[in-house]
Each structure stands twice: as structure tokens, then as C-alpha cells.
Amino acid sequence: AADLCHAAATADVQKLRELVNDGGLNVNRGDYDKRTAIHLAASEGLLNVVQTLVEELGAAHSPIDRWGGTPLDDAIRSRAERVTSYLRSKGATRGSLQPTTVDNPNRNGFIVGEFLSSLPSGSNSIWVCPEAMKKVFNQELFAEELPDSMLAATEMAKVALDSFDGDMIKLHVQSGGHALLVMTLALLDHHNLFEELNLDRATMMRFLRAIETGYGDNKYHNSVHGADVALSTHLFFHKFGLLKRLSKTDIFSAIIGAVIHDFNHPGTTNAHESRALTDRAICHSDISTLEAHHLHSTFTLLRQPGLDIFESMKTEDRAECRKLIIGLVLATDLAKHMDTVKWLRNLANEKGFAKAQSFGEEGEWTSPLHDSKEIEVSRLLSIAVKWADLGHVCKNNELHRTWTALVTEEFYTLGDRERSLGLHPSPLCNRATDTNIPASQMGFFKFLCVPFYATVADLLDPKMTPWLRLKENYRAWKAEKIRNEQEALEAQPEEKSS
């Protein structure tokens with residue numbers, strides 16, 4: 001089925017004939033999603049392929065895919081007028097997808113009914129906030145009006161597009177709780193992606209509001225963090241001259257990947273998921289459990305009518321976006337962190353600024369990240385999102401400390417949950433004993449952040465503001481740790497002489 005669909009989507013009529021006539025494949029055979037060759041040909045607007053499938057190879061003109069859609073639905077959605085006219089002349093019909101759930105969710109029981117049946121808050125639901133997601137799929141969420149403050153928030157977001165001082169926490173307040181929606185729309189508009197990729201703004205609005213809702217109310221891993229990572233990913237490319245290496249599809253994949261990289265987060269860690277033997281850990285076999293869960297949740301959401309932001313894109317572009325997004329989200333797994341650092345260090349040892357400086361060639365140096373021979377786009381996107389994901393360490397000290405307090409409280413909440421499950425609290429999650437925040441932050445900086453950000457700075461710009469701020473924040477934590485230790489020492493009662 002995959003071969004049939006690929007041949008149809010790429011207009012390889014000869015291959016279709018070989019597969020059906022010589023290979024004996026059933027031309028109506030569908031893939032995992034029950035998508036057949038004629039679905040793909042119709043979606044791409046390939047009239048000659050559709051005609052060959054129907055008239056020569058005996059393909060049915062109205063097979064139903066997993067979501068209740070027919071080839072005629074695909075042709076209409078893709079605005080393929082010639083294919084639409086041809087299919088209608090053959091008596092083709094539209095499927096249960098035709099009366100869209102966005103207009104009337106009750107008219108399409110196949111899609112909404114099937115999905116909502118999986119939503120009860122039992123342990124087998126993938127949704128961390130099932131009641132909130134019900135509002136997404138029965139359309140209640142989209143009937144709620146957005147606050148008037150969105151306009152002012154949009155201007156605030158635009159200013160942040162050129163500054164390392166963008167504060168997504170303040171934007172969240174200003175926008176009435178919609179930092180992710182406002183920031184993502186600002187990014188898409190800034191890069192002219194609605195026009196360049198023929199994206200539907202109404203669909204994007206629904207998708208982003210659904211993502212915001214599904215992020216839930218974690219202290220740290222929430223929609224504000226998603227907005228922050230999306231902005232910082234943009235700044236990585238914009239501030240260091242890397243946009244010229246990216247296509248519009250690459251930029252779109254990076255933004256959406258950053259937006260959803262922690263979607264539907266349960267407020268736990270991969271280590272906790274494995275220890276607690278959660279359904280997520282079992283589903284993903286303890287391999288990048290949360291990262292795989294975020295992707296699973298996102299692509300499940302995208303399957304729903306009215307939420308597929310990739311719908312208008314060509315099949316090959318959709319596939320490329322999916323591939324890039326999967327790669328960059330999986331790369332945020334900290335279990336892979338040191339492998340990433342090792343690869344970057346190897347590159348820096350050969351092509352970094354420090355190496356050039358050691359030979360007196362710093363005046364001629366250019367960043368190897370600008371060279372497609374040194375680093376492919378997929379890896380560049382993954383590094384950008386990782387750089388953004390850990391990036392609160394690179395913010396001004398006040399904002400960095402605010403994010404630190406939020407992640408600390410989320411860790412403590414996890415520790416409380418673990419005690420209720422009869423588990424020993426995970427490292428840094430015991431609110432009774434893990435109270436030396438300066439010490440824990442110094443460890444976080446030294447073992448995870450400094451090796452990564454120092455190497456990225458060496459590969460891009462040793463004087464970049466984020467790297468300088470990281471060093472300032474580390475010195476501040478170190479000074480606080482020393483001060484706390486001195487105060488504790490002075491508070492101890494003096495020993496009486498014998």
C-alpha cells in the first residue's frame with residue numbers, strides 16, 4: 001500500500017501499472033490510515049493519475065479513509081478543480097468528513113464520537129487534561145471570545161522578535177492567558193509563512209488555542225514555556241544570521257516544533273515515568289517517553305478536522321515537516337544531551353572561534369554553522385530548539401530566577417506525587433530536603449548548561465549576549481551560595497572552651 005500511495009503521489013504512472021498489473025497488488029488497498037492511491041493522487045491534483053487509476057487499473061472512486069474522507073474530499077480541499085469535476089462525473093461521493101465538525105460537531109459523529117470515546121479520564125487516555133480537551137473537540141473552546149487585550153499583546157510580541165529581553169510571562173498576563181497564541185502568530189506573520197506556505201489562518205488559530213489548552217497548568221512546562229521556546233528558536237536563527245540557510249518549510253517546522261515540544265506535559269520526568277510504570281512509559285518502551293508522548297499527542301490532534309495546519313501543503317512538504325518536527329522534539333531529551341555536546345565540541349575543535357584564534361586567524365573566521373557542508377539543516381534546527389529549551393539560564397537575572405522558581409515548584413509537586421505513590425522523591429524533588437537552590441543551580445549550570453552553551457558560543461559568537469548572561473547568572477548563584485554558607489556558619493553557636 002505504501003508503494004502504491006507513493007507512486008500515485010509522485011505521478012509515477014508506470015510504477016502504478018507495474019505494481020497492479022505485474023505485481024498483483026490490489027489497487028484499492030489502503031495504508032495504515034486507509035488512504036489509497038487515488039486519495040493521494042486526488043490530494044495532489046494529478047488528473048492523469050486519477051484517470052489511470054479509475055479507467056485503466058479499476059480503482060474505486062469513493063473509498064473511505066480512516067477519518068471518513070474520500071478522494072473527492074481531498075480534491076475539494078486541495079482546490080483541484082479538474083480532479084473534482086472528473087470524480088463527480090464518475091459519480092464519486094463525499095464522505096462523512098464533508099459536514100465539517102468545525103461548523104457543527106454533532107453532524108459528524110464518526111470523527112468526534114470516535115475521539116471523545118477515548119477521552120474519559122481513565123488511565124488509558126493520552127490527555128493529561130481530558131476535560132479541557134473535550135472542550136477542544138466539541139468546539140466549546142472556539143466559541144469562547146478572545147480578550148480585547150490581544151491587540152496590545154500583539155504589539156508587545158512584535159517588539160520581542162528582535163530582543164533577547166522578551167518576557168513571555170508578562171506577555172501571558174497582557175494577552176489574558178494567550179502568550180503562545182499571540183507569539184506564534186507574530187512569528188508566522190514575521191516570516192510571511194501564511195502567504196508563502198498557503199496556511200489557513202482560521203485553522204492555525206484553532207490549532208494554537210487547542211495546544212494552549214492541552215498544555216495544562218504546570219508551573220513550568222506550560223504554554224508560556226512553549227511560547228518562550230518558539231521565540232528563542234527564532235532569535236537563534238535571526239540574531240546569528242542563520243535564516244539564510246533555511247527554507248520557509250524549515251522555519252515553519254522549527255516554530256511549530258518549538259511550540260509543541262512539551263505539549264500535553266504531565267509535569268513529570270522520563271525517569272519518573274519509567275519508575276512509576278506509567279501508560280506512557282509502557283507505550284513508548286521507556287525510550288524518550290515524554291518527547292514521544294508530546295509528538296503522539298500533537299499528531300493525534302492534527303488528525304482532527306479543522307485542526308490540521310498542514311492540510312494545504314503538498315504531500316512531500318507535509319512529510320518533511322513531520323520528519324523535522326519529530327527529530328527536533330526527540331533531540332530535547334536530556335538523555336541525548338552529552339551526545340549533542342560531544343558532536344558540537346568535535347566541530348568546535350576543528351572549526352570554532354577559539355581554534356581560529358589560536359592560529360591568529362580570528363579575523364578571517366566564519367561560523368561553521370553557516371556552512372551546509374558542516375551541519376545539515378535538520379541538526380541545525382535541533383540545536384536551535386535545544387538552545388531555546390534550556391534558555392532561561394541565558395536570560396537577565398531577574399527573569400532567570402523567576403523561571404527557576406517555577407521549575408523548582410514543579411519539581412516539588414512531582415516529589416509530592418511520588419510520595420503519594422509510595423516512591424522516593426526524584427532528585428531535586430523533595431521539598432523538605434532539596435532546598436539549597438543556589439547549589440542545585442550551580443550543578444545544573446556546570447554539568448548541563450555550560451558545556452553546551454560555551455560550545456555553541458564558540459561556534460557562533462563568543463560574545464553573544466545569552467552566553468555572557470549565563471556566566472553572570474552562574475556567578476550570581478555562586479555568590480549567593482557562598483553568602484548563605486557564611487551566614488549559616490555565623491549563625492552557629494560558638495563552642496565553649498573546655
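None of these values were measured; they are calculated from a predicted model.

Enquirer: Residues and numbers for empty space enclosed by the protein, please.
Expert: Empty space among the atoms becomes apparent when a probe as large as a water molecule is rolled across them. In total, this model carries four cavities of 30 Å³ or more according to the counting rule given. The space that makes up the largest cavity amounts to roughly 140 Å³. Around the largest cavity, the lining residues are Phe164, Gly166, Leu231, Ser232, Leu235, Trp387, Ala388, Gly391, Cys394, Lys395, Pro466 and Arg469. Secondary structure elements with two or more residues in the lining of the largest cavity: helix H15 (223–239), helix H23 (377–389) and helix H26 (465–491).

Enquirer: Describe the nonpolar core, naming the residues involved and giving the relevant values.
Expert: If you look at the biggest cluster of nonpolar residues, it comprises 101 residues, and the most contacted ones within it are Met183, Met204, Phe236, Phe252, Leu301 and Tyr453. The element contributing the most residues to this core is helix H25 (residues 437–460), with 10 residues. Counting residues in each nonpolar core, the second largest holds 30 residues, with Val27, Ile38, Leu40 and Ala75 among its members.

Enquirer: Could you give me a rundown of the layout of surface pockets, with the residues and numbers involved?
Expert: Put simply, the second largest pocket is a space of about 970 Å³. Every residue lining the second largest pocket is counted, 38 residues in all, and those nearest its centre are His221, Thr269, Leu334, Val407 and Phe411. Residue assignment for the lining of the second largest pocket shows that the elements contributing at least two residues are helix H17 (270–275), helix H19 (289–302), helix H24 (397–420) and H25. Looking at the lining of the second largest pocket, the element that brings in the most residues is H24, giving six residues. Residue classes in the lining of the second largest pocket are distributed as 16 nonpolar, 16 polar and six charged.

Enquirer: I'd love a proper account of the pattern of salt bridges, names of residues and values included.
Expert: Any two side chains of opposite charge can pair if their charged atoms end up close together. With the rule as written, the count across this model stands at 22 salt bridges. With a shortest N-O distance of 2.8 Å, Arg35 and Asp74 are connected by a salt bridge. Of the two residues, Arg35 sits in the loop between helix H2 (13–22) and helix H3 (37–43) while Asp74 sits in helix H5 (residues 71–77), which places them 39 residues apart along the sequence. Looking at Arg35, the relative accessible area reads 12%, which means it is buried. Linking Arg94 and Asp73 is a salt bridge whose minimum nitrogen-to-oxygen distance equals 2.7 Å. Pair noted here: Arg94 is in the loop between helix H6 (81–89) and helix H7 (109–116) and Asp73 is in helix H5, with a separation of 21 residues, a long-range link. Connected via shared salt-bridge partners are Glu409, Asp416, Arg419 and Arg431.

Enquirer: Could you give an account of the side chain of Glu212, with specific residues and numbers?
Expert: Structurally, Glu212 is set in helix H14 (residues 201–215). Of the buried charged residues, Glu212 lacks a salt bridge, with Arg209 as the closest side chain of opposite charge at 5.6 Å. Of note is the side chain of Glu212, whose polar atom sits 3.0 Å from the backbone nitrogen of Leu181. Apart from residues no more than four positions distant in its own chain, Glu212 is found in contact with Gly177, His178, Ala179, Leu180, Leu181 and Ser223.

Enquirer: Which residues make up the packing of helix H12 (residues 179–190) against H14, and what values go with them?
Expert: The description of two helices packed together rests on the angle between their axes and the distance between the axes. The contact between H12 and H14 brings their axes to 9 Å, and the two run at 145°. Note on packing geometry: the crossing formed by H12 with H14 is right-handed. For the pair H12 and H14, the contacting residues are Ala179, Leu180, Leu181, Thr184, Leu185, Leu188 and Asp189 in the first and Arg201, Met204, Met205, Leu208, Arg209, Ile211, Glu212 and Tyr215 in the second.

Enquirer: Mind laying out the environment of Val385, listing which residues take part and the relevant values?
Expert: Within the secondary structure layout, Val385 lies in helix H23. With 114 residues separating them along the chain, Val385 and Ala271 place their C-alpha atoms 22 Å apart. Those residues within four positions of Val385 in sequence are excluded, and the remaining contacts are Val229, Thr233, Ala254, Ala258, Leu328 and Thr332.

Enquirer: An account of the confidence of the model for the protein chain is needed here, citing residue identities and associated values.
Expert: Looking at the protein chain as a whole, its pLDDT mean stands at 91, while 93% of the residues score no less than 70. Taken together, the stretch residues 97–124 has pLDDT below 50 and engages in 50 contacts with residues farther than four places along the chain or on a different chain.

Enquirer: Describe the environment of Gly166, listing the residues and the values that go with them.
Expert: Checked against the element boundaries, Gly166 lands in the loop between helix H10 (150–160) and helix H11 (168–174). The class of Gly166 is buried, set by a relative accessible area of 9%. Taking the C-alpha atoms as reference, Gly166 lies 37 Å from Asp279; in sequence the two are 113 residues apart. Residues within four places of Gly166 in sequence aside, it is in contact with Ala160, Leu231 and Leu399.

Enquirer: Go over the environment of His221 with me, naming the residues and quoting the values.
Expert: With respect to the helices and strands, the residue His221 is situated in the loop between H14 and H15. Apart from the residues lying within four places of it in its own chain, the contact partners of His221 are Tyr215, Asp262, His265 and Glu410.

Enquirer: Describe unusual backbone geometry, with residues and values.
Expert: Glycine aside, the phi torsion of most residues is negative, and most peptide linkages are trans. Of note in this structure, Asn198 is not a glycine but carries a positive phi near 55°. With respect to the helices, strands and loops of the structure, Asn198 is situated in the loop between helix H13 (193–196) and H14. Judged by its relative accessible area of 44%, Asn198 is partly exposed. The phi dihedral of Ser288 falls on the positive side, at around 45°, and the residue is not glycine. In this structure, Ser288 sits in the loop between helix H18 (279–283) and H19. Here Ser288 falls in the buried class, since its relative accessible area comes to 7%.

Enquirer: Help me get a handle on the side chain of Lys386, residues and values and all.
Expert: With respect to the helices and strands, Lys386 occurs in helix H23. Lacking a salt bridge, the buried Lys386 has Asp389 as its closest oppositely charged neighbour, with an N-O distance of 6.6 Å. If near-sequence neighbours (up to four positions away) are discounted, Lys386 is found in contact with Ala331, Leu334, His337, Thr340, Phe452 and Tyr453.

Enquirer: Can you tell me about the packing of aromatic side chains, naming the residues and giving the values?
Expert: With the rule as written, the count across this model stands at 15 aromatic pairs. Taking the centre distance of 5.6 Å and the plane angle of 70° together, the rings of Phe252 and Phe310 count as edge-to-face. Within this pair, whereas Phe252 is found in helix H16 (residues 248–260), its partner Phe310 is found in the loop between H19 and helix H20 (315–330), the two being separated by 58 residues in sequence. Like Phe252, the residue Phe310 is buried in the burial classification. An aromatic cluster is built from Phe164, Phe236, Phe237, Phe240, Trp387, Phe452 and Tyr453, whose rings are joined through pairwise contacts. The ring of Phe299 is capped by Arg322, whose NZ or CZ atom sits 4.5 Å from the centre of that ring.

Conventions and cut-offs
- Residues numbered from 1 in each chain as written.
- Predicted model: local features only at pLDDT ≥ 70, side-chain atom pairs only at ≥ 80, totals over all residues.
- Heavy atoms only, no water.
- 1 Å grid on protein atoms, 1.4 Å probe; cavity = no way out; pocket = protein on both sides within 12 Å on 5 of 7 lines; lining within 4 Å.
- Points joined across faces, edges and corners; volume = space filled by probe spheres on them.
- Helix = DSSP H or I, 4+ residues; strand = E, 2+ residues; numbered from the N terminus.
- Core = buried A, V, L, I, M, F, W, Y, C linked by side-chain atoms within 4.5 Å.
- Buried < 20%, exposed > 50% of the residue type's maximum accessible area, 1.4 Å probe, protein only.
- Nonpolar A, V, L, I, M, F, W, Y, C, P; charged D, E, K, R; others polar.
- Salt bridge = Lys/Arg side-chain N within 4 Å of Asp/Glu carboxyl O.
- Lys, Arg positive; Asp, Glu negative; His and termini not counted.
- Polar contact = N/O pair within 3.5 Å; in protein donor to acceptor, adjacent residues only side chain to side chain.
- Contact = heavy atoms within 4.5 Å.
- Axes fitted to C-alpha atoms, helices over the stretch in contact; angles between N-to-C directions.
- Left-handed = near helix turned anticlockwise from the far one by under 90°.
- pLDDT = per-residue confidence, 0-100.
- Phe/Tyr/Trp six-rings, centres within 6.5 Å; stacked < 30°, edge-to-face > 60°.
- Lys NZ or Arg CZ within 6 Å of the ring centre and 35° of its normal.

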